[in-house]
Amino acid sequence: MRIEITRSGGFGGLTRTWSLEVSRTEAEQRWLPLAQAEAADDPSDDPAESSEVTATGAATGAPAGAAAPRGGDRQRDRFTYRIAIGYTEVHLSESHLADPWRELIDRARAATPASGPGKPEELL
Amino acid sequence: MQRIHCSIIPPHLLTRLAAVRDARLSVASEAARHALLELEPVLQSREAALARPVRQGSAVMGTLTRRVSDAGGREELPGTLVRREGGPPTGDAAADEAYDGLGATYRLFSEEYGRSSVDGAGRPLDATVHYGANYDNAFWDGERMVFGDGDGEVFGRFTASLTVISHELTHGFTQYSTNLEYQGQSGALNESLSDVFGVLVEQRELCQDAAAASWLVGAGIFTAAVEGTALRSLAAPGTAYDDDVLGRDPQPATMADYVVTASDNGGVHINSGIPNHAFYLAATAIGGRAWEGAGRIWYDAVLNGSVPPDCDFPAFARATHESAEKRFGPGSPEAGAVVDAWTQVGVLP
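Everything in this summary refers to the structure shown in the same document.

Conventions used here
- The numbers attached to residues start from 1 for each chain and follow its sequence in the written order.
- Whichever chain is written first becomes A and whichever ligand is written first becomes 1, with later ones labelled in order.
- Given that this is a predicted model, residues contribute local features only at a pLDDT of at least 70 and side-chain atom pairs are listed and counted only at 80 or more, while totals for whole chains, interfaces and linings are drawn from all residues.
- Think of the side-chain values as coming from all heavy atoms in the structure, minus any hydrogens and water.
- For this analysis, a salt bridge means a side-chain nitrogen from Lys or Arg found within 4 Å of a carboxyl oxygen belonging to Asp or Glu.
- In this description a helix means any DSSP run of H or I spanning at least four residues, a strand means any run of E spanning at least two, and both kinds are numbered starting from the N terminus.
- Only protein chains enter the calculation, and the probe is 1.4 Å; a residue is then buried if its accessible area is under 20% of its type maximum, exposed if over 50%, and partly exposed in between.
- Strands were regarded as paired on the criterion that DSSP finds at least two bridges between them.
- Between the N-to-C directions of two axes lies an angle of 0 to 180 degrees, each axis being a line fitted to C-alpha atoms and, for a helix, fitted only over the stretch in contact.
- Roughly parallel refers to an angle under 35 degrees, roughly antiparallel to one over 145, roughly perpendicular to one between 65 and 115, and oblique to any angle outside these ranges.
- Note: crossing handedness is left-handed where the near helix turns anticlockwise from the far helix by less than a right angle, and right-handed where it turns clockwise.
- Throughout, a residue-residue contact means that at least one pair of heavy atoms, one from each residue, lies within 4.5 Å.
- By the convention adopted, Pro, Cys, Tyr, Trp, Phe, Met, Ile, Leu, Val and Ala count as nonpolar, Lys, Arg, Asp and Glu as charged, and the other residues, Gly among them, as polar.
- Here the expected span of a helix is defined as 1.5 Å times the quantity of residues minus one.
- Arc definition: it is the arc formed by the directions from the helix axis to the C-beta atoms.
- Buried surface area refers to the total accessible area, computed with a probe of radius 1.4 Å, that the two partners give up upon joining, counted for both partners together.
- Two N or O atoms count as a polar contact when they lie within 3.5 Å, although within protein this holds only if one can serve as hydrogen donor and the other as acceptor, and sequence-adjacent residues are included solely when both atoms are side-chain atoms.

Focus: the pattern of salt bridges
Under the counting rule described, the total for this entry stands at 22 salt bridges over all chains. When the shortest N-O distance is used, the salt bridge between R30 of chain A and E103 of chain A registers 2.9 Å. Placement of the pair is R30 of chain A in helix α1 (residues 24–41) and E103 of chain A in helix α3 (residues 99–111), with a sequence separation of 73 residues. Given a relative accessible area of 33%, R30 of chain A falls into the partly exposed group. Linking D300 of chain B and R296 of chain B is a salt bridge whose minimum nitrogen-to-oxygen distance equals 3.3 Å. Placement of both D300 of chain B and R296 of chain B in helix α8 (residues 294–303) is noted, with a separation of four residues, approximately one turn of the helix. Across this residue pair, the class does not change: D300 of chain B and R296 of chain B are buried. Within the structure, one salt-bridge network assembled from shared partners comprises R2, E4, R82 and E89 of chain A.

What about the sheet that holds strand β5 (residues 145–147) of chain B?
Residues and elements named next belong to chain B. Taken in spatial order, the five strands line up as β2-β1-β3-β5-β4 in an open sheet, and their pairing is mixed. Both edges of this open sheet fall to β2 (80–84) and β4 (138–140), since each of them pairs with a single strand only. Taken pair by pair, the neighbouring strands of this sheet meet at an average axis angle of 20 degrees, ignoring direction. Note that strand β3 (residues 125–129) and β5 share two bridges and pair parallel.

Here's the deal with the packing of helix α3 (residues 93–113) of chain B against helix α4 (residues 162–176) of chain B
Residue and element names in this part refer to chain B. Where α3 meets α4, the axes come as close as 9 Å, and the angle between the chain directions of the two elements is 55 degrees. Relative to α4, the element α3 lies oblique. Crossing hand, α3 versus α4: right-handed. When α3 is examined against α4, the residues E97, A98, G101, L102, A104, T105 and F109 are found in contact with a partner set consisting of L162, I165, S166, L169, T170 and F173. The residue makeup of the contact of α3 with α4, split by class, is eight nonpolar, four polar and one charged.

Focus: unusual backbone geometry
Glycine aside, residues mostly have negative phi angles, and peptide bonds mostly take the trans form. Residue and element names in this part refer to chain B. Along the chain, L77 connects to P78 via a cis peptide bond; the corresponding omega equals 5 degrees. The backbone phi angle of H130 is positive, close to 55 degrees, even though this residue is not glycine. As for its position among the elements, H130 is in the loop between β3 and β4. Phi at N265 is positive, roughly 50 degrees, even though this residue is not glycine. You can call N265 buried: its relative accessible area is 10%.

Details of helix α10 (residues 333–344) of chain B
All names here are of chain B. In this model, α10 (twelve residues) spans 16 Å end to end at C-alpha, consistent with the 16 Å of a helix rising 1.5 Å per residue. For α10, the set of buried residues is E334, A335, A337, V338, A341 and W342. Projected onto a plane normal to the axis of α10, the buried residues spread over an arc of 160 degrees and lie on a single side. Structural note: α10 exposes P333 and Q344 on the side pointing more than 90 degrees away from its buried face.

Some points on the interface of chain B and chain A
Facing 40 residues of chain B, the contacting portion of chain A comprises 31 residues. Across the chain B/chain A interface, buried area totals approximately 3,000 Å², and carbon plus sulfur atoms make up 52% of it. Counting across the chain B and chain A interface gives two salt bridges. Measuring nitrogen to oxygen at the nearest pair gives 3.9 Å for the salt bridge that ties E143 of chain B to R74 of chain A. The tally of links between chain B and chain A comes to twelve residue pairs in polar contact (both at pLDDT 80 or more). Within the residue set of the side of chain B that touches chain A, elements represented by two or more residues are β4, α4, α5 (184–205) and α6 (263–267) of chain B.

Here's what the structure looks like:
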């Protein structure tokens, strides 16, 4: 199963995309439960504060709710990550990134030598 | 206007002196009792000033206090203190650039606008360099600025450009003044203030007037492999880089090209191009030293209370127009330049 990681924000506001292939078993046993847990862990009702899991393919055209990552705090210029595991997406802030996600991001970066394209995601 | 006196003798000593009944110390004792009477309202007003979450002016004049730490390549803060205020250069480029950059930023706010540090009350300026391994970013964490060394392929070290350091420190200034929410248009204004005062710090250090300045943010932090001069351009948003790997600078210059996106907190680093360009147009129309004309107007707007945390572009435009009229007079060329600038970028009709 393909996992695609899109990093936006940061001082430069540059968007980078990396991807890797994992087995269906790994995705279902490790990453999908983790993605669901991110949403369940966060009791906040404020979309700006919460991580969100959304199913792509359906109408995800409303940007405000779709990607507001965690980090409605005093952090500025931090990265924001969108991780798509098959049809499931999780949005995470760099300042709230658990170790397994860091490992996944490192693997994806290593698996994508000529990182790019730099096209900003979801530009309408 | 409220005046706050600074007493060099601590209150507990004054109290002891005031209580002395020895005739040989009667003059000192009387003076101490008098000083304590004066001190009471001072302490009260200082307490009130410190209790306010947002300070509109400088309450207590402080001095420049810098502390630069080294994270040693780990993602842990604050790291080891390597240079404190007045200490000798470390010989490490990143640590010394951060130290000098904090000083330059402090001087702009202090010497031009009379503000003591980011909070107006002399808060020490903390920075950490060598954060993380191949770390491609610089950020403000709510208390300190943090700089990575870059990956060596796209980015070199982030302290190499003064505008990066002044940009991060200005996030501190914004946090303690308007505290603009970091989402959508208010977030783009937050970013724009950091770019605006970021370039003004550099222009002032280089003694450049508006016509001579580069108006670039982050020049010199790309490696030679990247097709680009900087991360952002206030003079021509959207033209700072155009590279095979990074793509093209996505910043719009006008509302016609406003980018609606879910990434980057609603495009805070993208749509900041619009208020950035408005500042550039106002500053070049006014001419001369940008930190004295347009910079002063923007600073006034932020400090005069008319920029709420959820401010949008039109409300910010009106706030700058008002502060231009207040400082330079209604119908002044400066006020006209500000309105023209916001009109050209499509924020005002």
